[in-house]
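This is what each chain is made of:
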Amino acid sequence: MDDDNKVIAEARESFGKGAARKIRAAGKIPAVVYGHGTEPQHVTLPAHQVGLLIRKANAVLDLQIGGKSQLALVKDVQKDPVHQIIEHLDLIVVKKGEKVQVEVPVHLEGEPVAGTIADLDSHTLSLEVEATHIPENVVVSVEGLEEGTQIHAKDVELPKGATLVTDGDALVVNVHTPQKVDLGEEPAEAAEGEAAEGEAAEEAPAESAE
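Residues numbered from 1 in each chain as written. Predicted model: local features only at pLDDT ≥ 70, side-chain atom pairs only at ≥ 80, totals over all residues. Heavy atoms only, no water.

Draft legend 1. Spatial organisation of the overall build of the protein chain. Secondary structure summary: the protein chain contains three helices and 13 strands in total. Burial analysis of the protein chain (210 residues in total) assigns 30% to the buried set. Counting only contacts in the protein chain whose residues sit at least 6 apart along the sequence, the fraction spanning at least 24 positions is 60%. In the form shown here, the protein chain has an accessible surface area of approximately 13200 Å², with 49% of it arising from carbon and sulfur atoms. (Helix = DSSP H or I, 4+ residues; strand = E, 2+ residues; numbered from the N terminus. Buried < 20%, exposed > 50% of the residue type's maximum accessible area, 1.4 Å probe, protein only. Contact = heavy atoms within 4.5 Å. Areas by Shrake-Rupley, 256 points an atom, 1.4 Å probe, with all protein chains shown as cover.)

Structure, rendered in structure tokens:
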């Protein structure tokens, strides 16, 4: 485990919105650590350090709690919707060698055949991986792919040691030609239709007069 992931966690004794505000004002983040049949641990973590670490999806922190080391996977990050300040973290206890299920971002590389675009239908894939070897992303190459090419989850090359949890038939990438819409023709067609309806309306009274 990288030493950069070592985070000093302090036990939290005070609770409630007021206490949480004071914790954040002191440059810390309130958090709860769950898992492995133990009682949830309420802690505070250094805001700046943790803010940098959790930029990476599925970050695993090496929490230093009371002098003991405890690995924990970041499962939920609650942020203030306006200021984007981290308000609270949920972490799950993990152990080296243990398998966990995580959502891993899909990253496209390369360019499909000229004139086509590659749509990413699944932005993440659910994988089972070792808790201490969670990949940052899954790379899918679309280089030179032609129109009509579809890549499903089962076609994606997974990182070593990873097992696919997502349905294998789930569509990940769809290569197609963008539809050309000529907005100039539609009003003309509508006008012709209206004119035809008008002519029919004019003919009807003439027939009834006879």
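Draft legend 2. The pairing of strand β1 (residues 6-11), seen in detail. Pairing of β1 with strand β4 (residues 60-65), which is carried by four bridges, proceeds in the parallel orientation. Bridge pairing in β4 links K6 to D62. The sheet contact formed by β1 and strand β3 (residues 41-46) spans two bridges and is antiparallel. By the bridge assignment for β3, E10 is matched with T44. (Pairing = 2+ DSSP bridges.)

Draft legend 3. Expanded view of the nonpolar core. Within the largest apolar cluster, 24 residues are counted, with the highest numbers of intra-cluster contacts made by V100 and L125. When residues of this core are traced back to their parent elements, those giving at least two are β5 (68-79), β7 (99-109), β9 (124-130), β10 (138-141) and β13 (171-176). Of the residues forming this core, the biggest block, four residues, is contributed by β7. In this structure L125 touches V102, E103, V104, V106, V138, A153, V156, L164, T166 and V172, once residues within four positions along its chain are discounted. Among the nonpolar cores identified, the runner-up in size contains 20 residues, and L61, L63, I65 and A72 belong to it. (Core = buried A, V, L, I, M, F, W, Y, C linked by side-chain atoms within 4.5 Å.)

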